[in-house]
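# Remarks on the overall topology
This is what each chain is made of:
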Amino acid sequence: MEVPEAEPAVGELRLQHDSSAARGVPAHITILFPFADAADVDDEALGQLFARFRPFDFTLDRVERFQEGAVWLHPEPSLPFVDLTAAVAQRWPDHPPYEGAFDEPIPHLTVSDTPLDLDVQLPIAAQAREIALIEEDDATGRWSKRRAYPLAG
């Protein structure tokens, strides 16, 4: 889910420290990665699934670090993101979050792939209104939005 409200605070930092940002990935909170190949994506089914969820407000309220060093912003509340991830993973069980590497994925907005002393003005208020499906161009390695699915529940 794109989080444009975070771009003014972390956009430049992400370009310098998050390898995905330079390839076109906006500030976001991942719902499910990796997902189906582009040719296998069922746009109608995704639209129907996300339409069951209500839009919601959230706040990026603190800086956190994963053990391997990545620095990220914590969304509060986190449960709506957990619920969205669980719904997609349940509907498409062949695509578990992060290939099943974690028992419970942690909703987060990555700022840096590596350790970084982050001084950013928090909290950042944001709204979840739609889920963006982004995909990578195999030839260029750049990412772009394929479609957005509104939350409508």
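Before reading on, note that the structure itself is shown above.
First things first, this report covers the structure right here in the doc.

### Re the side chain of Asp18
- Position of Asp18 relative to the elements: it lies in the loop between helix H1 (7-17) and helix H2 (43-51).
- Here the side chain of Asp18 touches Ser20 through a polar contact of 3.0 Å, side chain to side chain.
- Residues within four places of Asp18 in sequence aside, it is in contact with Leu13, Thr110, Val111, Ser112 and Asp113.

### Here's the deal with the packing of H2 against helix H3 (residues 79-91)
- Where H2 meets H3, the closest approach of the two axes is 11 Å, and the angle between their N-to-C directions is 145°. In this structure, the crossing between H2 and H3 has a hand that is right-handed. Two secondary-structure elements touch here, H2 through Ala45, Leu49 and Phe50 and H3 through Leu84, Ala87, Val88 and Arg91.

### A short note on the nonpolar core
- Ranked by size, the top nonpolar core spans 38 residues in total, and within it Val3, Phe35, Phe50, Phe58, Leu60, Leu73 and Leu109 carry the most contacts.
- Of all the elements in the fold, those that place two or more residues in this core are H2, strand E1 (56-65), strand E2 (71-76), H3, strand E3 (109-112), strand E4 (124-128) and strand E5 (130-136).
- Not counting the four nearest positions on each side in its chain, Val3 is found in contact with Ala27, His28, Ile29, Phe58, Leu60, Leu109 and Ala126.

### Considerations on the pairing of E1
- Note: E1 against E4, 5 bridges, orientation antiparallel. Residue pairing in the sheet places Thr59 in a bridge with Ala125 of E4.
- With 6 bridges joining them, E1 and E2 adopt antiparallel strand pairing. Within the sheet, the bridge partner assigned to Thr59 lies in E2 and is Glu76.
- Connecting E1 to the antiparallel partner E2 that follows it, the hairpin turn spans 5 residues, and Gly69 within it adopts a positive phi of roughly 115°.

The rules behind the values
- Residues numbered from 1 in each chain as written.
- Predicted model: local features only at pLDDT ≥ 70, side-chain atom pairs only at ≥ 80, totals over all residues.
- Heavy atoms only, no water.
- Helix = DSSP H or I, 4+ residues; strand = E, 2+ residues; numbered from the N terminus.
- Polar contact = N/O pair within 3.5 Å; in protein donor to acceptor, adjacent residues only side chain to side chain.
- Contact = heavy atoms within 4.5 Å.
- Axes fitted to C-alpha atoms, helices over the stretch in contact; angles between N-to-C directions.
- Left-handed = near helix turned anticlockwise from the far one by under 90°.
- Core = buried A, V, L, I, M, F, W, Y, C linked by side-chain atoms within 4.5 Å.
- Buried < 20%, exposed > 50% of the residue type's maximum accessible area, 1.4 Å probe, protein only.
- Pairing = 2+ DSSP bridges.

Read these as layout, nothing more, since geometry by itself doesn't imply function.
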